[in-house]
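Listed below are the residues making up each chain.
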Amino acid sequence: MSVKLKILFASLCSFAVTMALGLYAMSMGGQLGHVATRVFDESAVSINHVRAAQAQLIALGGTVTASRARQQADEDKVPAAPVSERQRLLAVARGAADSPPPARPAADAAPPDIAAATAAVLD
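None of the values given here were measured: they were computed from a predicted structure.

### A word on the overall build of the protein
- Along the protein, the regular secondary structure elements total 4 helices and 0 strands.
- Reading the helices (α) and strands (β) of the protein from amino to carboxyl end gives α-α-α-α.
- Within the span of the protein, comprising 123 residues, buried residues form 2% of the whole.
- Entry remark: accessible area of the protein is about 10,700 Å², with carbon and sulfur atoms responsible for 68%.

### Side note on a nonpolar patch on the surface
- There is a patch of nonpolar side chains on the surface, built from Met 1, Leu 5, Leu 8 and Leu 12 and spanning about 450 Å² of accessible area.
- If you trace the backbone, Met 1 turns up in the segment before α1 (3-75).

### Some thoughts on the confidence of the model for the protein
- Looking at the protein, pLDDT values average 74 and 62% of them are 70 or higher.
- Here helix α3 (residues 106-109) stands out as the least confident element of the protein, with mean pLDDT 52; α1 is the most confident, with 82.

Criteria and thresholds
- All chains use their own residue numbering, which begins from 1 and follows the written sequence.
- With the structure being a predicted model, the display of local features is reserved for residues of pLDDT at least 70 and the display and counting of side-chain atom pairs for 80 or more, all residues being used for whole-chain, interface and lining totals.
- Calculation of side-chain values draws on the structure's entire complement of heavy atoms; hydrogens and water are dropped beforehand.
- Think of it this way: any DSSP run of H or I at least four residues long counts as a helix, any run of E at least two long counts as a strand, and we number them from the N terminus.
- For each residue, the accessible area found with a 1.4 Å probe, counting protein chains only, is set against the maximum for its type, and the residue is called buried under 20%, exposed over 50%, and partly exposed in between.
- For the area figures, the Shrake-Rupley method with a 1.4 Å probe applies, and any residue is considered shielded solely by the protein chains shown.
- Only residues above 30% relative accessible area that lack a salt bridge enter a patch, with like-charged residues linked at up to 9 Å and the nonpolar side chains Val, Leu, Ile, Met, Phe, Trp and Tyr linked at up to 5 Å.
- Each reported salt bridge corresponds to a side-chain nitrogen of Lys or Arg within 4 Å of a carboxyl oxygen of Asp or Glu.
- Note: pLDDT gives the predictor's confidence per residue, expressed from 0 to 100.

If you want it as structure tokens, here you go:
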């Protein structure tokens, strides 16, 4: 076999391998495109369903919370003035009181010393 035929045969083989790899890469690219489209589309649809369910649960929770608050207010009356600031804040946290009082100015909020501040918190 001559050298010219060997070179021709090697170039034809490399051409065939290159074509096969190119076709395989094109098919894999198409499959990856379909997978990416499916992943992003399905996740967006599922997120929309989850957000709709969340909105419905929030609306339902608001009506249930309001009705429970009315029932609780009817069953046991909340004392008008809690004994201390700590008890008032706890009542606010439980939802028994309407809202905390407006914030005091910064000059009034700072206690004169640490002992007075500690005593105010512990009362």
